[in-house]
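Chain by chain, the residues:
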Amino acid sequence: MATGEIPRDDQYWYSTGDIVLVANRKVAFKVYIGLLTKQSTVFRDLVNKDVPQPENQELIDDCPVIHLTDDPEDLKTFLAFIYDGWRCVYKSFWYRISA
């Protein structure tokens, strides 16, 4: 899939981010791997520096790409928690169940 075909998330696309997460081949999020690995052992294991990276590593904006099977809204809620804390997640969850 060409990089231009994956829409970028408006809220979690940081121009200085260093990794791109693609949720369910639908939405791309460009974020900071240091923050993710500090907060999540799953991401820490995914980007373990001891694990050799493939020579043909997919890149978007010169950043490595990790494809996830998660729903884009679920990943966005996770990122809201990582970046903005509980208050943002609660507000997002409340909006989703009351809409």
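Below is a short write-up of the structure. On a predicted model such as this, the values are computed, not experimentally measured, just so you know.

Quick notes on the rules
- Along each chain, the written sequence defines residue order, and numbers are assigned to residues from 1.
- pLDDT decides what is reported in this predicted model: residues at 70 or higher carry local features, side-chain atom pairs at 80 or more are listed and counted, and totals for whole chains, interfaces and linings draw on all residues regardless.
- The basis for the side-chain values is all heavy atoms of the structure; hydrogens and waters are excluded.
- Strands here mean DSSP runs of E at least two residues long; helices mean DSSP runs of H or I at least four residues long; both are numbered from the N terminus.
- Summary of the burial criterion: residues with accessible area below 20% of their type's maximum are buried, those above 50% are exposed, and those between are partly exposed, where the area comes from a 1.4 Å probe applied to protein chains only.
- Working definition of accessibility: Shrake-Rupley area with a 1.4 Å probe, residue cover restricted to the visible protein chains.
- Note on ring pairs: Phe, Tyr and Trp rings are taken, using the six-membered ring of Trp, and paired if centres are within 6.5 Å. Classes follow the plane angle, with under 30 degrees stacked, over 60 edge-to-face and the rest tilted.
- Think of a salt bridge as a Lys or Arg side-chain nitrogen and an Asp or Glu carboxyl oxygen that are within 4 Å of each other.
- Here, strands pair whenever DSSP counts at least two bridges between them.

Concerning the overall build of the protein
- When its secondary structure is counted, the protein shows four helices and five strands.
- Order of helices (α) and strands (β) in the protein, N terminus to C terminus: β-β-β-α-α-β-β-α-α.
- Looking at the protein residue by residue over its 99 residues, the buried ones come to 34%.
- Total accessible area computed for the protein in this model is approximately 6,900 Å², and 53% of it derives from carbon and sulfur atoms.

A short note on the packing of aromatic side chains
- Taken as a whole and judged by the stated rule, the model has five aromatic pairs.
- Look at Tyr-12 and Tyr-14: their rings are 6.4 Å apart centre to centre, the planes differ by 65 degrees, and that puts the pair in the edge-to-face class.
- Assessed through its relative accessible area of 1%, Tyr-12 is described here as buried.
- With centroids separated by 5.3 Å and ring planes inclined at 25 degrees, the aromatic side chains of Tyr-14 and Tyr-83 adopt a geometry described as stacked. You can see Tyr-14 sitting in the loop between strand E1 (8-13) and strand E2 (19-23) and its partner Tyr-83 sitting in helix H3 (residues 72-84), a full 69 residues away along the chain.

A look at unusual backbone geometry
- Within the chain, Asn-24 stands out as a residue other than glycine whose phi angle is a positive 50 degrees.
- Locating Asn-24 in the fold gives a position in the loop between E2 and strand E3 (27-31).
- Under the relative-accessibility criterion, Asn-24 is labelled partly exposed at 33%.
- In the Ramachandran plot, Arg-25 falls in the positive-phi region, its phi being about 60 degrees despite a non-glycine side chain.
- One can find Arg-25 in the loop between E2 and E3.
- The class of Arg-25 is exposed, set by a relative accessible area of 63%.

Topic: the pattern of salt bridges
- In total, this model carries three salt bridges according to the counting rule given.
- The salt bridge involving Arg-8 is made with Asp-61; its shortest N-O contact spans 3.2 Å. Here Asp-61 lies in the loop between strand E4 (59-60) and strand E5 (63-68) and Arg-8 lies in strand E1, a separation of 53 residues in the sequence.
- Among the residues examined, Arg-8 registers a relative accessible area of 43% and is labelled partly exposed.
- Note that Lys-30 and Asp-61 form a salt bridge whose closest N and O atoms lie 3.5 Å from each other.

Focus on the pairing of E5
- Of the pairings in the sheet, the one linking E2 to E5 comprises four bridges and is parallel in character. Within E5, the residue paired with Ala-23 across the bridge is Leu-68.
- Examined bridge by bridge, E4 and E5 share two bridges and lie antiparallel to one another. Note on E5: the bridge partner recorded for Leu-59 is Pro-64.
- Where E4 folds back on E5, the antiparallel hairpin that results is connected by two residues, among which Asp-61 adopts a positive phi of roughly 50 degrees.

Worth remembering: the numbers are spatial, not functional.
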